[in-house]
Amino acid sequence: MNNSQYKAFVIREKKDGTFSRSIEDKNIEELPPGEVLIQVKYAALNYKDALSSSGHKGITRKFPHTPGVDACGIVVSSESSEFVKGDAVIVTSYDFGMNTSGGFQEFIRVPAKWPVKLPSKMTLEESMILGTGGFTAALSLYKMQQNGQIPEMGPIVVTGSTGGVGSMAVAILTLNNYKVIAASGKKDAHDYLRELGATQIISREETNDKSGRPLLRPKWAGAIDTVGGNTLATCIKACGRNGNIAVCGLVESPKLETTVYPFILNGVNVLGIETAETPRSIRLKIWELLADDWKPKHLDKIKKIIALEDLETHIPLMLEGKSKGRVLVKF
Ligand SMILES: NC(=O)c1ccc[n+]([C@@H]2O[C@H](COP(=O)([O-])OP(=O)(O)OC[C@H]3O[C@@H](n4cnc5c(N)ncnc54)[C@H](OP(=O)(O)O)[C@@H]3O)[C@@H](O)[C@H]2O)c1
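Sequence order sets the numbering: in each chain, residues are counted from 1 along the sequence as written. Local features in this predicted model are restricted to residues of pLDDT 70 or higher, and side-chain atom pairs are both shown and tallied only at a pLDDT of 80 or more, whereas totals for entire chains, interfaces and linings draw on every residue. Side-chain metrics rest on all non-hydrogen atoms present in the structure, leaving aside hydrogens and water.

### Quick word on the overall build of the chain
- In DSSP terms, a helix is any run of H or I states spanning at least four residues, a strand is any run of E spanning at least two, and both are numbered starting from the N terminus. Along the backbone of the chain there are nine helices and 15 strands.
- A globule of 331 residues ought to have a C-alpha radius of gyration of about 20 Å, and the chain, at 20 Å, matches this closely.
- When its C-alpha atoms are laid out on the principal axes, the chain stretches across 65 × 50 × 35 Å.
- With a 1.4 Å probe rolled over the protein chains alone, any residue whose accessible area is under 20% of its type maximum counts as buried; one over 50% counts as exposed, and the rest are partly exposed. Among the 331 residues that make up the chain, the fraction classed as buried is 55%.
- Taking contacts inside the chain between residues at least 6 apart in sequence as the whole, the part at least 24 apart equals 70%. For this measure, only C-alpha atoms enter the radius of gyration; the expected value for a globule follows 2.2 Å times N^0.38, where N is the number of residues. Any two residues whose heavy atoms approach within 4.5 Å at even a single point are treated as in contact.

### As for the site of the ligand
- Around the ligand lies a shell of 26 residues, among which Thr-162, Val-165, Ser-184, Ile-273 and Thr-275 are the nearest.
- At 2.7 Å, a side-chain N or O of Thr-162 approaches an oxygen atom of the ligand.
- Polar contacts here mean pairs of N or O atoms no more than 3.5 Å apart (in protein, one a potential hydrogen donor and the other a potential acceptor; neighbouring residues in sequence count only if both atoms are side-chain atoms). Within the backbone of Gly-164, one N or O atom sits 2.9 Å away from an oxygen atom of the ligand.
- Each accessible area is a Shrake-Rupley result for a 1.4 Å probe, and residues are judged covered by the shown protein chains and nothing else. If the ligand stood free it would expose 920 Å²; the protein chains cover 89% of that surface.
- Counting only elements with at least two residues in the shell around the ligand, the list comes to α2 (124-146) and α3 (164-175).
- Gly falls in the polar group here, along with every residue not listed as nonpolar (Ala, Val, Leu, Ile, Met, Phe, Trp, Tyr, Cys, Pro) or charged (Asp, Glu, Lys, Arg). Residue classes in the shell around the ligand are distributed as eight nonpolar, 14 polar and four charged. Consider each residue's heavy atoms; a residue with any of them within 4 Å of a molecule or strand counts as near.

### Topic: the sheet that holds strand β12 (residues 239-247)
- Any two strands with at least two DSSP-identified bridges between them are counted as paired. Judged by pairing direction, the sheet is parallel, and its six strands sit side by side in the order β10-β9-β8-β11-β12-β13 without closing on themselves. The sheet terminates laterally at β10 (200-203) and β13 (269-272), the two strands that pair on one side only. Pairwise comparison of adjacent strand axes, ignoring direction, gives a mean angle of 20° for this sheet.
- Note that β12 and β13 share four bridges and pair parallel. Within the sheet, the bridge partner assigned to Asn-244 lies in β13 and is Asn-269.
- Seen against the sheet, α2 touches β8 (156-158), β11 (220-225), β12 and β13 and runs at an angle of roughly 145° to β11.
- Against the sheet, α3 touches β8, β9 (180-184) and β11, its axis set at about 160° to β8. Note on definitions: angles span 0 to 180 degrees between N-to-C directions of axes, and those axes are lines fitted to C-alpha atoms, for helices only across the stretch in contact.

### Considerations on the pattern of salt bridges
- Think of a salt bridge as a Lys or Arg side-chain nitrogen and an Asp or Glu carboxyl oxygen that are within 4 Å of each other. One pass over the full model with this rule turns up 14 salt bridges.
- Two residues, Glu-82 and Arg-280, come together in a salt bridge whose shortest N-O distance is 3.5 Å. Here the residue Glu-82 occupies a position in the loop between β4 (70-78) and β5 (88-92), and Arg-280 occupies one in helix α7 (residues 280-291), the gap between them amounting to 198 residues.
- The exposure class assigned to Glu-82 is partly exposed, which follows from its relative accessible area of 42%.
- The network of salt bridges with common partners includes Glu-125, Asp-300 and Lys-303.

### Some details on the layout of surface pockets
- Here a cavity means grid points, on a 1 Å grid over the protein atoms only, where a 1.4 Å probe fits yet cannot get out; a pocket means an open set of points with protein on both sides within 12 Å along at least five of seven lines; lining residues are those with an atom within 4 Å of a point. Grid points are joined across faces, edges and corners, and a volume is the space filled by probe spheres set on the points. In this structure, the second largest pocket encloses a volume near 160 Å³.
- When the residues that make up the lining of the second largest pocket are grouped by side-chain class, the tally is five nonpolar, six polar and three charged.

### What to know about the pairing of strand β1 (residues 5-13)
- Looking at chain direction, β1 and strand β2 (residues 19-27) are connected through nine bridges and run antiparallel. By the bridge assignment for β2, Ala-8 is matched with Glu-24.

### Some thoughts on the domain arrangement of the chain
- Domain extents, as shown, originate in an automatic or database domain assignment. Assigned domains within the chain: domain 1 (5-118 + 302-330) and domain 2 (132-272).
- Spacing between the C-alpha centres of domain 1 and domain 2 amounts to 29 Å.
- Contacts between the two partners involve twelve residues from domain 1, matched on the other side by 13 residues from domain 2.
- Buried area is understood as the total, over both parts, of accessible area removed when two parts are fitted together, assessed with a 1.4 Å probe. Note on domain 1 versus domain 2: buried area summed over both sides is about 990 Å², and carbon and sulfur give 62% of it.
- When the buried surface of domain 1 facing domain 2 is broken down by residue, Ile-302, Lys-324 and Arg-326 rank first, second and third, together holding 48% of it.

### Thoughts on a nonpolar patch on the surface
- Together, Val-260, Tyr-261, Ile-264 and Leu-265 give the surface a local cluster of nonpolar side chains, amounting to about 400 Å² of exposed area.
- The residue Val-260 is located in the loop between β12 and α6 (261-266) in this model. What makes a patch is a set of residues exposed beyond 30% relative accessible area and free of salt bridges, joined within 9 Å when like-charged and within 5 Å when nonpolar (Val, Leu, Ile, Met, Phe, Trp, Tyr).

### Quick look at the packing of α2 against α7
- In contact at an axis separation of 10 Å, α2 and α7 are set at 110° when each is read in the N-to-C sense. Considering the angle they form, α2 stands roughly perpendicular to α7. Of the two elements, α2 crosses α7, and the hand of that crossing is right-handed. Facing Ser-127, Leu-130, Gly-131, Gly-134, Phe-135, Ala-138, Leu-139 and Tyr-142 of α2, the residues of α7 in contact are Ile-282, Arg-283, Lys-285, Ile-286, Trp-287, Leu-289 and Leu-290.
- Looking at the contact of α2 with α7 residue by residue, the class counts come to ten nonpolar, three polar and two charged. Roughly parallel here means an angle under 35 degrees, roughly antiparallel means over 145, roughly perpendicular means 65 to 115, and every remaining angle is called oblique. By the definition used in this description, the sense in which the near helix is turned from the far one sets the handedness, with an anticlockwise turn below a right angle giving left-handed and a clockwise turn giving right-handed.

This is the structure in structure tokens:
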């Protein structure tokens, strides 16, 4: 391996339409164009990465591809005046790891508008424990608060609560004095959820109402939903007056069937959470909040550190809904 060679996790499409995953030696010259070259220190595994790593064309159209929507590291060189060699930076969102080569490799090159300087009160490792999962959870609460959600209205239900976004949502809501009802399919994760701050833990089934009724007795005052489908419909039907439902994900289904009754009778608000193109001013504000007042206390308990080679084991676990907390690749 010479100076410009490095290791990358690469997904290739085979002639029979299946996909292979392996670690390859690559050359820095093969990286996509961009103003900032970064040596990656940590990357995080997200649900989107698990899909991309399996050849999901809804996430990544062209292969070979290196996934990884979250990375952080040290600037090696920069053609932009905003960054200098040695800066610690976080790269998330935009097209990073989707159709642009992502964080599961030792070096990345990105456009200058993508990186954010690491806030002074945050370590590189913390930035990836938080990553897109933490950013999504924080953006959800930020938008809910802008829309009038206060702790006095009552508890917030978090679905997919042991997942990357869900774990962060439980922790960040707790920090902000909201009572949290954590909905989870993992019976063995109650201690984990209580440590994050959940005051009540319910089963996945309790957020998956099959009664067919358009409205239910209010069970929560708002929701951060990472699951979609009938779970999201249930979050809406059982939400109290003027509550906010932050819609983040689709691990159950992208479909949503509802009537208008929760909206016109209870004033329930549905808030769309889209992190990839969040305006830079809000992006910087969210990262500053995460570095300080909104930094969860027990970040260490949410992380699992793995090597690049271990992605092969962790990707299927995530696709099967068995992943817990944030999985970090350390370089
Ligand atoms: N809007 C955005 O900008 C944005 C940003 C980041 C992520 N997302 C989306 O948010 C979702 C969660 O991402 P993540 O990284 O947190 O994924 P993750 O770590 O895999 O967590 C998903 C969690 O959902 C639960 N779950 C899995 N399968 C389920 C099913 N069939 N029905 C109900 N619950 C199920 C599991 O938690 P329990 O076992 O505790 O139930 C699982 O741990 C994904 O859809 C992702 O694409 C969106």
